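Descriptive structure summary
Spelled out, the chains give:
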Amino acid sequence: MSDADLLFRLAALNAAYARCIDDDRLEDWPELFLERCTYKITSAENLRRGYAAGIVYADSRAMLRDRVAALREANIYERQTYRHIVGMPALREAGTIAAETPFLVVRTMRDGRMDLFATGVYLDRVQDDAGALRFAERIVVCDSSRVDTLLAIPL
Amino acid sequence: MSDADLLFRLAALNAAYARCIDDDRLEDWPELFLERCTYKITSAENLRRGYAAGIVYADSRAMLRDRVAALREANIYERQTYRHIVGMPALREAGTIAAETPFLVVRTMRDGRMDLFATGVYLDRVQDDAGALRFAERIVVCDSSRVDTLLAIPL
Amino acid sequence: MSDADLLFRLAALNAAYARCIDDDRLEDWPELFLERCTYKITSAENLRRGYAAGIVYADSRAMLRDRVAALREANIYERQTYRHIVGMPALREAGTIAAETPFLVVRTMRDGRMDLFATGVYLDRVQDDAGALRFAERIVVCDSSRVDTLLAIPL
């Protein structure tokens, strides 16, 4: 697979990921990960200091599903919607399937107000799983350390 | 045409669309639509509630041209400029030419202040019109319901 | 090289450019330019008025390196970080290697606050330099004229 084709497939995977969240189809979101996977939300400062701990952590698709179920039960995120704007992936090495991709999320409140909710970079390792690309690892590195501790939705 | 090629042509169409507006070449904007077309601006909430009505509606290229002429006459949008940041299109089905594409628009006022003007998603149906891709339908779904009722420029 | 391939290589160049700045690897940033090159930051209003002068100007890779060295010495930008979100390049003419690319930069302050720092368009001329694309010219046209006169980082 050429780098151009790979970039396109990664861009398509990122678009699918963003749509799950922004269209409030959270149940589809875990399906974009491998059964055994790493999903973590952390901050650039944590990463710089070598703190392994993230704000959110999951190591299997089952945990991601549990997380979505808990969110649905808590029902606390309904008052706002999100919009991901995701940049083009940069392959960490030519030919590999490890990528860095910048993102920005805008939050819209029920009353129509919009704010910059988060910016950062996705550090990804991706695998071809029977013809579909899925995340083996997605580490969400937020630029701001002031990420909402009640962070409900996936980023 | 492969999906990768199609995505590229869609990305190029979206870039041309954004440039017409952001470079204030509004007269070129209707040319990106088919003669018979649908252009609509609405909100996610309207769409959810099944309201067909949009904030802006046109069903032909001629109507889009009229709209631009009216804007030029009114001349009310000159004090600000806009910048579209448009994500990668997601094909609704592999091989089709129906796409969803997230967007964000920043407005810059004459005095230099910037704000988040709009975010949302383009729901598009596109056709190859003698070698050039054009919009058969573009429905602009804004995340915020508080879209400016005096909305002047196309989104 | 097809337009699709060219767009991909441009998108990869833009991603590399953004990462140098956002990851604070400024020393790698001049390497993305040719030895003899033009780098300029200006505003849309300056451009419209025909003012040649920019806010920042360099005409060689050596000048860009000097700029980075001065920034490192001044050490004034450490309190904030930046995140570039860069759109897809639009080729100015099919087959050429001159492109226009919209961008948005979000700044995150040490205390976690985020703001829209800059939006605008890159006007680029690019060359293949022994297999790697490099900038012969990058003119950064900011939408706002109120660009920080103490502008430290490259945009």
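To keep things clear, this report deals only with the structure shown in the data block. (Residues numbered from 1 in each chain as written. Chains lettered and ligands numbered in written order. Predicted model: local features only at pLDDT ≥ 70, side-chain atom pairs only at ≥ 80, totals over all residues. Heavy atoms only, no water.)

This paragraph deals with the environment of Met 109 of chain A. All names here are of chain A. Mapped onto the fold, Met 109 is located in strand β5 (residues 98-109). Here Met 109 falls in the partly exposed class, since its relative accessible area comes to 24%. C-alpha of Met 109 to C-alpha of Phe 135: the two residues are 26 residues apart in sequence and 30 Å apart in space. With sequence-adjacent residues up to four places away left out, Met 109 is seen in contact with Arg 79 and Gln 80. (Helix = DSSP H or I, 4+ residues; strand = E, 2+ residues; numbered from the N terminus. Buried < 20%, exposed > 50% of the residue type's maximum accessible area, 1.4 Å probe, protein only. Contact = heavy atoms within 4.5 Å.)

Turning our eyes to something else, we now look at the interface of chain A and chain C. Accessible area lost when the parts come together is the quantity often used to give the size of an interface. Taken together, the contacts link 20 residues of chain A with 20 residues of chain C. Carbon and sulfur atoms supply 67% of the area buried between chain A and chain C, which totals about 1,800 Å² over both sides. In terms of surface lost to chain C, no three residues of chain A exceed Met 88, Leu 116 and Asp 143 of chain A, which account for 29% of the buried area on that side. On the surface where chain A and chain C come into contact, there are two salt bridges. One salt bridge connects Arg 83 of chain C with Asp 143 of chain A, and the closest N-O pair in it is separated by 2.8 Å. For the pair chain A and chain C, the interface holds four residue pairs in polar contact (both at pLDDT 80 or more). Ranked by the residues each element gives to the side of chain A that touches chain C, the list is headed by strand β6 (residues 114-129) of chain A, at six residues. Tallied by class, residues from the side of chain A that touches chain C come to 14 nonpolar, three polar and three charged. (Buried area = accessible area lost by both parts, 1.4 Å probe. Salt bridge = Lys/Arg side-chain N within 4 Å of Asp/Glu carboxyl O. Polar contact = N/O pair within 3.5 Å; in protein donor to acceptor, adjacent residues only side chain to side chain. Nonpolar A, V, L, I, M, F, W, Y, C, P; charged D, E, K, R; others polar.)

With that settled, consider unusual backbone geometry. Positive phi is not limited to glycine here, since Asp 24 of chain A has a value of about 60 degrees. The topology assignment puts Asp 24 of chain A in the loop between α1 (3-22) and β1 (33-43). Non-glycine residue Ala 130 of chain B carries a positive phi angle of around 55 degrees. Along the chain, the position of Ala 130 of chain B falls in the loop between β6 (114-129) and β7 (132-142). For Ala 130 of chain B, a relative accessible area of 82% puts it in the exposed group.

This part takes up the relation of the copies chain A and chain C. Placing chain A over chain C gives an RMSD of 0.0 Å and needs a rotation angle of 120 degrees, together with 0.0 Å of translation along the axis. Accordingly, the operation relating the two chain copies is best matched by a three-fold axis. It is Gly 87 of chain A whose C-alpha, among those of chain A, lies nearest the rotation axis, at 4.0 Å. (Least-squares fit on C-alpha atoms with pLDDT ≥ 70 in both.)

A separate point is empty space enclosed by the protein. Evaluation of the coordinates by the stated rule reveals four cavities of 30 Å³ or more. Approximately 190 Å³ is the volume found for the largest cavity. For the largest cavity, the lining is made up of 21 residues, of which Asn 14, Ala 15 and Ala 18 of chain B together with Met 88 and Pro 102 of chain C are closest to its centre. Only α1 (3-22) and β3 (80-86) of chain B together with β5 (98-109) of chain C provide two or more residues apiece to the lining of the largest cavity. The element best represented in the lining of the largest cavity is α1 of chain B, accounting for six residues. (1 Å grid on protein atoms, 1.4 Å probe; cavity = no way out; pocket = protein on both sides within 12 Å on 5 of 7 lines; lining within 4 Å. Points joined across faces, edges and corners; volume = space filled by probe spheres on them.)

Both faces of the sheet carry side chains from a regular strand, because those side chains alternate between them. All names here are of chain A. With six of its seven residues buried, strand β3 (residues 80-86) lies for the most part within the structure. Summarising the sheet, β3 and β5 pair through seven bridges and their orientation is antiparallel. In the sheet register, Gln 80 faces β5, and the bridge partner there is Met 109. (Pairing = 2+ DSSP bridges.)

Looking now at the pattern of salt bridges. A complete count under the given rule lists 48 salt bridges over all chains for this structure. Among the ionic pairs, Arg 49 of chain A bridges to Glu 45 of chain A, the shortest N-O distance being 2.8 Å. According to the relative accessible area criterion, Arg 49 of chain A is exposed, its value standing at 51%. Salt-bridge contacts for Asp 115 of chain A lead to Arg 107 of chain A; the nearest nitrogen and oxygen are separated by 3.2 Å. Using a relative accessible area of 16% as the deciding quantity, one classes Arg 107 of chain A as buried. Shared partners join several salt bridges into a network, and the residues in it are Asp 22 and Arg 83 of chain A together with Asp 143 of chain B.

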